Every structure is written in C-alpha cells, then in structure tokens.
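Secondary and tertiary structure notes
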Amino acid sequence: MPVGLFRVCLLVITAIVNHPLFFPKENGTVPENTEEIIQKMKEREESLRLEQLRLEQEIADQEATQKALEKAAVVVEESKEEKVRWDMWTALSMVIFLLIELWRQDFQEGNWQDTGGEEDDMAVLGKAFKGVAFPDKAVLASFYVKRILATTGDMARMREMVEGFADDLLEALRSVCNRDADMEVEDSMGVGSMYENWRVRKPFVCDLIVPFAPPEPYCFCCQTWCSGDSFPPDEQGYGTIKVCRADEDATGCICDKTKLGEDMLCLLHSQVSSTRPSSEMEDLLCFKNTQYLDADQVMKWFQIAVTKAWNRISHKYEFDLSFSLLDSPGALKIKFKSGKSIAFNLTPVVQYENSDVYFISHFPRSSLATDIPSSTHWFLTFAVYERRFIQLVSKTLPANACHVSCLQILSFLHGKQCSLTGPSGLTNYHLKTVLLHLLQARPSQDWAPEKLEARLQDMLKFLEKCLHEKKLYHFFIGNGKVPAELGFPIIFQRAEPLNLFRPFVLRRDIYRKMVDTFHEMLRNMSALINEYTVHIPLAHTNGIRKEPL
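Residues numbered from 1 in each chain as written. Predicted model: local features only at pLDDT ≥ 70, side-chain atom pairs only at ≥ 80, totals over all residues. Heavy atoms only, no water.

An unreviewed UniProt entry lists the protein chain under the name Inositol 1,4,5-trisphosphate receptor-interacting protein, from Cettia cetti. Its UniProt record, at the heading Function (unreviewed entry), says of the protein chain: "Enhances Ca(2+)-mediated inhibition of inositol 1,4,5-triphosphate receptor (ITPR) Ca(2+) release." Here is the UniProt Sequence similarities (unreviewed entry) comment for the protein chain, exactly as written: "Belongs to the ITPRIP family." (UniProt positions renumbered as here; feature names shortened; annotations may be inferred.)

What follows is the structure, given as structure tokens:
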C-alpha cells in the first residue's frame, strides 16, 4: 500500500513538472516556422543533388581523358617500335653501303698501278677512239723526225748557257746578301721537261730550283700532310715550314703552350729567349706574328736579291735581264741586242729533311698550285726523283726506246689543241704522270722503237680511263713499288695515294672543258700530225703491220 501510494505521487509530480505551461514560452524547442525549415531543407537537397551530378560528370571526363592518354601512349609506343625497326634497317643499309664503297675504293687503290699490264682492261676502254683515224707507224715516225727532232736540237746548248749564267747570278747573289742575317742560297738544279728531254713546244724554258736555308742559329722544321699533322683533304700535297732555333724542337717547349703563372719560370728557356719580337720573325720571312715561312715574303726577298745580284754583274754581259712574271719569284728573261730572248725560271725551294723532295711556293706556267690555301702552305715537288726515275728506267729499255717519243708527241698534240680551243685543266705534268705509270707497269721490251704506235695508244687509253674515273694518282705518293735505288722517303710511300684530279671533282666546268679538249685532240690528231708530215709512199706503209686499237 505505501508503495503504490508512492508511485501515484511520483507520477503526479512528473506530470506537473513536464507540463508545457510550467516553463516560459521562449525556452520551448518546438519551432513555429516548420514550413520555412522544410523549404530550406529541400533547397539544400537540390543543391546537393546538383553537386553530385557535377562530380559525376567530372569523374566521367577524367575517366575519358585517362582512356585517351592510355590510347595515345599505346600509339606512341607502337610508333617507337616501328621507328626503331626502321632505324635499324636504315642503319644496316648504310653500313652495307659503306662497306661496299670502302671495298671498292680499296680494290681500286690496291690495283691502281696495274693498269698497263692488263690488255683486257685496255680493250674495254677506248670508247672515244671509235671513228678516230689513228696514224700508222710510218706517219708517226716521219712526224717525229720532221717536227720533234728538228725543233729540239738546240736544247742542250740552251741548257748549258742558262746553267752557266744562273751559277754566276747566284754567286753574285751570295755576295750581296748578309751572311749573318739573310737566307743562305745553295746551287741550282735543273728539273722538268727541258732536263728530261721531252719538251717540244717553243719557247723553250729552263726550270731551275734553288734551295735556301735560314741563317744560324735557325733551321727549317717541315710539316707535311702525311707526317701525322692534321691537314684537311683540300690541303693534301701541301706542307708548312716552321722557322725554329737549332736547339729548339719543332713542336716547341710546353712553356709556349701553357700559362705557367707569374711566379713560375721554365728551366729550359729564359724569358728573353722564349719571346721573339715580331720584327725578328718577319726578317726571317715569316708570316706576320707567326713562325711559319711566308711564300710571298720569300718571293719579294728573292726578287730583290736577284735584282741586286744582276746590278753587280750586268757589266759583264751584253744583254739585258728582266722579270717576265711579277707573281713568280724568279721568272727571268734574257734579251739580246739582236731581238732574240731566252726565258728561264729560278725558283727558291726548301729541302724536306735530308731528301730530294722540296717545298716549292710557285709553279710558273702551271696550274698545279693555283688554289694554294694560304701563303704559309707550300706545295711539295718530286721533280728530282721523277728525273732520276726516268733515267733509271731508261737504262733497262731497248736502244732508242719510244717512251720519250710518246710523251713528246702527246705533249705536242695537247699543246696544239689548247692553242685552238683554249687552255684546260689538263697539263703536261698529267701527261708525264701517265707515262711514269706505264713505264712501271709494262715490261722493258714493250718500249722498243717499233712499238711507238701501240704505246702512244696505251697512253691515250690510260688517260681516257683516268678522265672517266676522275682519278689520276700521283706516281710517287702512296706507291710502294718505287725502286729502292732512288732512296725515296718511306713516309710518302706509306701515305694515302694522292689523286691529281681531285680538284676537278667539284669544279664541273673545268672537268667538262678538260674532257672536251681531250676528245677534240683525238678527233684532230690525224690532221695535226699530217700537217707536219712529208708524203710517204704507199708501198712503204704496206710493209708495216699495224697493231689493232
């Protein structure tokens, strides 16, 4: 009973406490603007829905972009694989092409000396000879006697006169020079066609080279393209000459190439000896601010020295001496009172080491050195060895061999053709180079006098082949078959063969002119020879067997 009463009281108290009127109105939690709240909730729901749609769209765009990137990456990867495969094939093709080209060049260079001994090769050539009437032996023999021998009889007397005068002139030159400061001039040497007995065209000109050396304590240190120094391809055949002290290495001390600093000194060279004034090197005929011998300075020095020497001895002679070419150091002309004249060339040269190879600055009447890179580049001449080789081979040939006659006839025809159509890039030196190759390639008995016609044809066909291939190699450079008796420097035998026709490869106009001149010479050959040939009876020519072309 008491428990139930307690429960009733507790219930009444709870009801009174939770009655709504018991608390103030502002403390109530039930809002009065329920519709406004619902409206806001709907707006919020709508904004959340729109935001959801936007996010879904962004996610879809990102997925599409990702798929596009993946697809592009696959395409790039495939293209790379394709390119790698293509590059591999391209590289492989280039390697094969280069190997074939190298093999072809090695094959040609390995057999460039053996053209004269291959009769089959000669038979394949000769396309330019089709339709050309080649003179027979009797006509050639008559032409040689009438035109060549009749005009070359005075060469020996002319050589003797020029050599004697040149010796006297050089002796006077030494007397007017300062032995302590000027260059030392040596004796002259005769080279070229006049001293190899094959010059046929007038006026006859003697070519003499004059070696010179610097005064003590200086010396010349020569550098060539094949001695390990870096020379570009267009400078092959050239070299430089450095003026050094006798106790100085050609490469110079390291103190000249590095900065030692103000507090360091070279133990080999003092500051006074290591620095040379510019004027001192110019007095030694060097290019400005260098130690390299300048060809232009040498030409000016030599012309002045020759002029002084002639002024000293002119009273002894009854003729005048003058320079015929101002752009050549010693192109001289003797003028007699009778009106006759004799031309000769005194050209200063520098000896290469202890050999008979010489550095030459100018080639009178020649196009061999028309494009010299600079005045410090000197061309190498092997004229002394060429003369010795011809003399050495002549001793093994039959009596009255036809090798010189072939060169004389070909030189005459070329000179006549150039007088009709103008000069071309082809020179007498190219013709002599052809003869040197054939002299080495053919046996001695092939140069008997009765085989003049056949050997002349060989020279023309060999020249035609060289013009077609644009390759005529220098006889000595790269030729391992040079006779040991000549004492030729081994460094040039081991060098790469030098193509004398290389300057014409890029100069198509000159090359075209050279080929046209050669073909015109072939077509006019019979007419030019018959012009200087006496009439030969038919019975005399029928007894001579004519060798086929």
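After presenting the structure, the write-up continues.
For the rest of this paragraph, the subject is the overall build of the protein chain. What the protein chain contains, in helices and strands, is 16 helices and 10 strands. Here the protein chain holds 549 residues, and 42% of them are scored as buried. Once local pairs closer than 6 in sequence are excluded, the contacts in the protein chain between residues at least 24 apart make up 70%. Carbon together with sulfur atoms contributes 57% to the accessible area of the protein chain, which is approximately 32200 Å² in total. (Helix = DSSP H or I, 4+ residues; strand = E, 2+ residues; numbered from the N terminus. Buried < 20%, exposed > 50% of the residue type's maximum accessible area, 1.4 Å probe, protein only. Contact = heavy atoms within 4.5 Å. Areas by Shrake-Rupley, 256 points an atom, 1.4 Å probe, with all protein chains shown as cover.)

Turning our attention to the environment of Trp378. Residue placement: Trp378 occurs in strand β10 (residues 378-381). Classification of Trp378 as buried rests on a relative accessible area of 0%. Residues Trp378 and Phe359, spaced 19 residues apart in sequence, show a C-alpha to C-alpha distance of 5.6 Å. A polar contact of 3.2 Å, which involves the side chain of Trp378, links it to the backbone oxygen of Leu293. (Polar contact = N/O pair within 3.5 Å; in protein donor to acceptor, adjacent residues only side chain to side chain.)

Further remarks concern the UniProt feature "coiled-coil region" (unreviewed entry) in the protein chain. As recorded in UniProt, the sites labelled "coiled-coil region" (unreviewed entry) are residues 38-72. Note that residues 38-72 is 100% helix and 0% strand, and that its end C-alpha atoms are spaced 51 Å apart.

It is worth spelling out the packing of aromatic side chains at this point. By the definition in use, this model includes 27 aromatic pairs. With a centroid separation of 5.5 Å and an interplanar angle of 65°, the aromatic rings of Phe319 and Phe336 are classed as edge-to-face. Within this pair, whereas Phe319 is found in strand β6 (residues 319-323), its partner Phe336 is found in strand β7 (residues 331-336), the two being separated by 17 residues in sequence. Between the aromatic rings of Phe488 and Phe492, the centroid separation amounts to 6.1 Å while the plane-to-plane angle is 50°, which identifies the pairing as tilted. Each residue in the set Trp225, Tyr352, Phe359, Phe382, Tyr385, Phe389, Phe475, Phe476, Phe488 and Phe492 is aromatic and connected to the rest through ring pairs, giving one cluster. Taking NZ or CZ as reference, Arg159 lies 5.9 Å from the ring centre of Tyr195, over its face. (Phe/Tyr/Trp six-rings, centres within 6.5 Å; stacked < 30°, edge-to-face > 60°. Lys NZ or Arg CZ within 6 Å of the ring centre and 35° of its normal.)

Glancing now at a nonpolar patch on the surface. A contiguous nonpolar surface patch, about 440 Å² in accessible area, is contributed by Trp89, Leu92, Ile96 and Ile100. Within the fold, Ile96 resides in helix α2 (residues 34-110). (Patch = residues over 30% accessible without salt bridge, like charges linked within 9 Å, V, L, I, M, F, W, Y side chains within 5 Å. Salt bridge = Lys/Arg side-chain N within 4 Å of Asp/Glu carboxyl O.)

Another aspect to go through is helix α10 (residues 383-394). Note on helix geometry: an α-helix contains 3.6 residues per turn, so any two residues three or four positions apart are oriented the same way. When the terminal C-alpha atoms of α10 are compared, their 17 Å separation across 12 residues agrees well with the 16 Å that a helix rising 1.5 Å per residue should span. Within α10, the full set of buried residues consists of Ala383, Val384, Tyr385, Glu386, Phe389, Ile390 and Val393. Structurally, α10 contributes buried residues whose contacts are with β2 (189-191), α6 (193-196), β3 (205-213), β9 (358-360), β10 and α12 (428-441). (Expected span 1.5 Å × (residues − 1).)

Before going further, it helps to examine the nonpolar core. Grouped together as the largest cluster of nonpolar side chains are 114 residues, with contacts concentrated most on Leu169, Leu293 and Leu346. If you look at the next biggest cluster of nonpolar residues, it comprises 9 residues, including Val349, Tyr358, Ile360 and Phe379. (Core = buried A, V, L, I, M, F, W, Y, C linked by side-chain atoms within 4.5 Å.)

Attention now goes to helix α15 (residues 508-531). Across its 24 residues, α15 extends 33 Å between first and last C-alpha, which sits within 8% of the 34 Å expected from 1.5 Å per residue. Largest kink in α15: about 55°, centred on Asn524. Three or more residues of α15 are buried, namely Tyr511, Met514, Val515, Thr517, Phe518, Met521, Leu522, Met525, Ser526, Leu528 and Ile529. Buried residues along α15 sit in contact with α4 (137-149), α11 (403-421) and α13 (452-469). (Bend = angle between axes of the 7 residues up to and from the residue.)

This part covers the environment of Arg512. By the element assignment, Arg512 lies in helix α15. Assessed through its relative accessible area of 43%, Arg512 is described here as partly exposed. Each C-alpha atom, one on Arg512 and one on Gly425, is 9.4 Å from the other, the two residues being 87 residues apart in sequence.

On inspection of all chains with the given rule, the structure shows 17 salt bridges. We note a salt bridge from Lys465 to Glu469, for which the minimum N-O separation is 3.3 Å. Remark: Glu469 and Lys465 occur in helix α13; sequence separation between them is 4 residues, near one turn of the helix. Residue classification places Lys465 among the partly exposed residues on the basis of a relative accessible area of 21%. With its nearest N and O atoms 2.8 Å apart, the salt bridge here joins Glu520 to Arg523. Placement of the pair is Glu520 and Arg523 together in helix α15, with a separation of 3 residues, close to one helical turn.

For the pair α12 and α13, interaxial distance at closest approach is 10 Å and the crossing angle is 110°. In terms of axis orientation, α12 runs roughly perpendicular to α13. Remark: the crossing between α12 and α13 carries right-handed chirality. Here Leu431, Val434, Leu435, His437 and Leu438 of α12 come into contact with α13, specifically with Asp458, Met459, Phe462 and Leu463. Residues belonging to the contact of α12 with α13 are distributed by class as follows: 7 nonpolar, 1 polar and 1 charged. (Axes fitted to C-alpha atoms, helices over the stretch in contact; angles between N-to-C directions. Parallel < 35°, antiparallel > 145°, perpendicular 65-115°, else oblique. Left-handed = near helix turned anticlockwise from the far one by under 90°. Nonpolar A, V, L, I, M, F, W, Y, C, P; charged D, E, K, R; others polar.)

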